[in-house]
Amino acid sequence: IGSYLALHFWSENYGDQSSTSTVSNFAAALRQTFSDSRILCVGITQACFEGAMYSFVFMWTPAVSSRDLNSTPPFGLIFSTFMLCSMAGSQCFSICIKKGFSPEYILKVTLIVSAISLSLGPVDSIIGTNWQYPGFLLFEVCVGFYFPSMGTLKGKVVPDDNRATIYNIFRIPLNIVVLVVLLGKFSVQTTFLLCTLLLSFAACLQLFVATI
């Protein structure tokens, strides 16, 4: 019934039908991205964090499995705790905003803490502690903080006229980061070390943006 009503009574929204071509829009978005250091830094920050996040999505299973080769970890339970921590981070973001913390400050702290959290895996493999799983939980809390803070920051920095195109440009370096990390066939701990470096670089970028 809904399909029938939409097909016969809902006119199509074609958006802005101006004469500008796709190439022209893309070129204008590129100029805006590279002419404003804030937009560029936000895009690189997104590529670094989300590249590390997607790498974590692929690598946490072998990382947990390598702890005990004689038993199968409870992957469902572990994943549930990840989602719980991510939800907790999102709720804590709202609390922090009500307490007067700015999204920019929250993002900087989130990037620093996320870099520390993923570095616990390589550290754990060197000194033989059991910090890897708590580090993973802490990283998921950071994921919960990241998305609302980054969404708010992009809403402030990215102009409305080319917002969709600039967001798509942001995904180009993101996909490159993920492909390099995953196709490089690095070991689990090397991958987490690379993710730590990406997150540390993103934190430095946000500290730079604060000075602009």
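This text goes with the structure placed above it.
Only a predicted model underlies this, so the values are computations on that prediction, with no experimental measurement involved. Residue numbers run consecutively from 1 along every chain, following the written order of its sequence. Totals for whole chains, interfaces and linings use every residue, but because this is a predicted model, local features are given only for residues with pLDDT of at least 70 and side-chain atom pairs only at 80 or more, for both listing and counting. For the side-chain quantities, the full set of heavy atoms in the structure was used; hydrogens and water were omitted.

A. View of a nonpolar patch on the surface. The patches described consist of residues with a relative accessible area above 30% and no salt bridge, like charges being joined within 9 Å and nonpolar side chains (Val, Leu, Ile, Met, Phe, Trp, Tyr) within 5 Å. Note on areas: Shrake-Rupley, 1.4 Å probe, and residue coverage restricted to the protein chains presented here. Take a side-chain nitrogen of Lys or Arg and a carboxyl oxygen of Asp or Glu: if they are within 4 Å of each other, that pair is a salt bridge. A contiguous nonpolar patch, built from F26, I172, I176, V180 and F186 and spanning about 440 Å² of accessible area, is present on the exposed surface. Secondary structure follows DSSP: runs of H or I at least 4 residues long count as helices, runs of E at least 2 residues long count as strands, and numbering of each begins at the N terminus. By residue number, the principal contributor to the nonpolar patch is helix α7 (residues 163–183), which donates 3 residues.

B. Representation of the nonpolar core within the structure. Only buried residues count toward a nonpolar core. Its members are Ala, Val, Leu, Ile, Met, Phe, Trp, Tyr and Cys residues joined through side-chain atoms within 4.5 Å. Burial classification: accessible surface area is computed with a 1.4 Å probe over protein chains only, and a residue below 20% of its type maximum counts as buried, one above 50% as exposed, and the rest as partly exposed. Among the nonpolar cores identified, the biggest contains 40 residues, and F49, F56, L118, F136, F139 and F192 are the most heavily contacted of them. Of all the secondary-structure elements, those providing two or more residues to this core are α3 (37–65), α4 (75–98), α5 (103–127), α6 (132–157), α7 and α8 (188–209). No other element matches α3, which puts 11 residues into this core. Contact definition: two residues touch when any of their heavy atoms are within 4.5 Å. Not counting residues within four places of it along the chain, the set of residues in contact with F192 comprises F56, M59, W60, A63, L118, P122 and F136.

C. Structural detail: the packing of α5 against α8. For the pair α5 and α8, interaxial distance at closest approach is 8 Å and the crossing angle is 160°. Classified by the angle their axes make, α5 and α8 are roughly antiparallel. The handedness of the crossing between α5 and α8 is left-handed. Taking contact as the criterion, the partners of L107, K108, L111, I112, S114, A115, L118, S119, G121, P122 and S125 in α5 are, on α8, Q189, F192, L193, C195, T196, L199, S200, A202, A203, Q206 and L207. Each residue is assigned to one class: nonpolar for Ala, Val, Leu, Ile, Met, Phe, Trp, Tyr, Cys and Pro, charged for Asp, Glu, Lys and Arg, and polar for all the others, Gly among them. In terms of residue class, the contact of α5 with α8 is made up of 13 nonpolar, 8 polar and 1 charged. The angle between two axes is taken between their N-to-C directions and runs from 0 to 180 degrees, where each axis is a line fitted to C-alpha atoms and a helix contributes only its stretch in contact. Every angle not falling under 35 degrees, over 145, or within 65 to 115 is termed oblique; those three ranges are roughly parallel, roughly antiparallel and roughly perpendicular. Left-handed describes a crossing in which the near helix is turned anticlockwise from the far one by less than a right angle; the clockwise case is right-handed.

D. View of unusual backbone geometry. Positive phi is not limited to glycine here, since K185 has a value of about 55°. Here K185 is to be found in the loop between α7 and α8.

E. Examining the pattern of salt bridges more closely. As enumerated under the stated definition, the model contains 3 salt bridges in all. For D36, the salt bridge is made with R38, and the minimal N-O distance between the two is 3.5 Å. R38 gets classed as partly exposed once you look at its relative accessible area, which sits at 36%.

F. Inspection of the environment of T191 at higher detail. Residue placement: T191 occurs in helix α8. Take T191: its relative accessible area is 1%, and that puts it in the buried class. Discounting residues that sit within four places of it in the chain, T191 has contacts with S55, M59, V181 and F186. There is a polar contact of 2.9 Å between the side chain of T191 and the backbone oxygen of S187. By the criterion applied in these results, polar contacts are pairs of N or O atoms within 3.5 Å in which, for protein atoms, one can donate a hydrogen and the other can accept it, and in which residues neighboring in sequence qualify only through two side-chain atoms.

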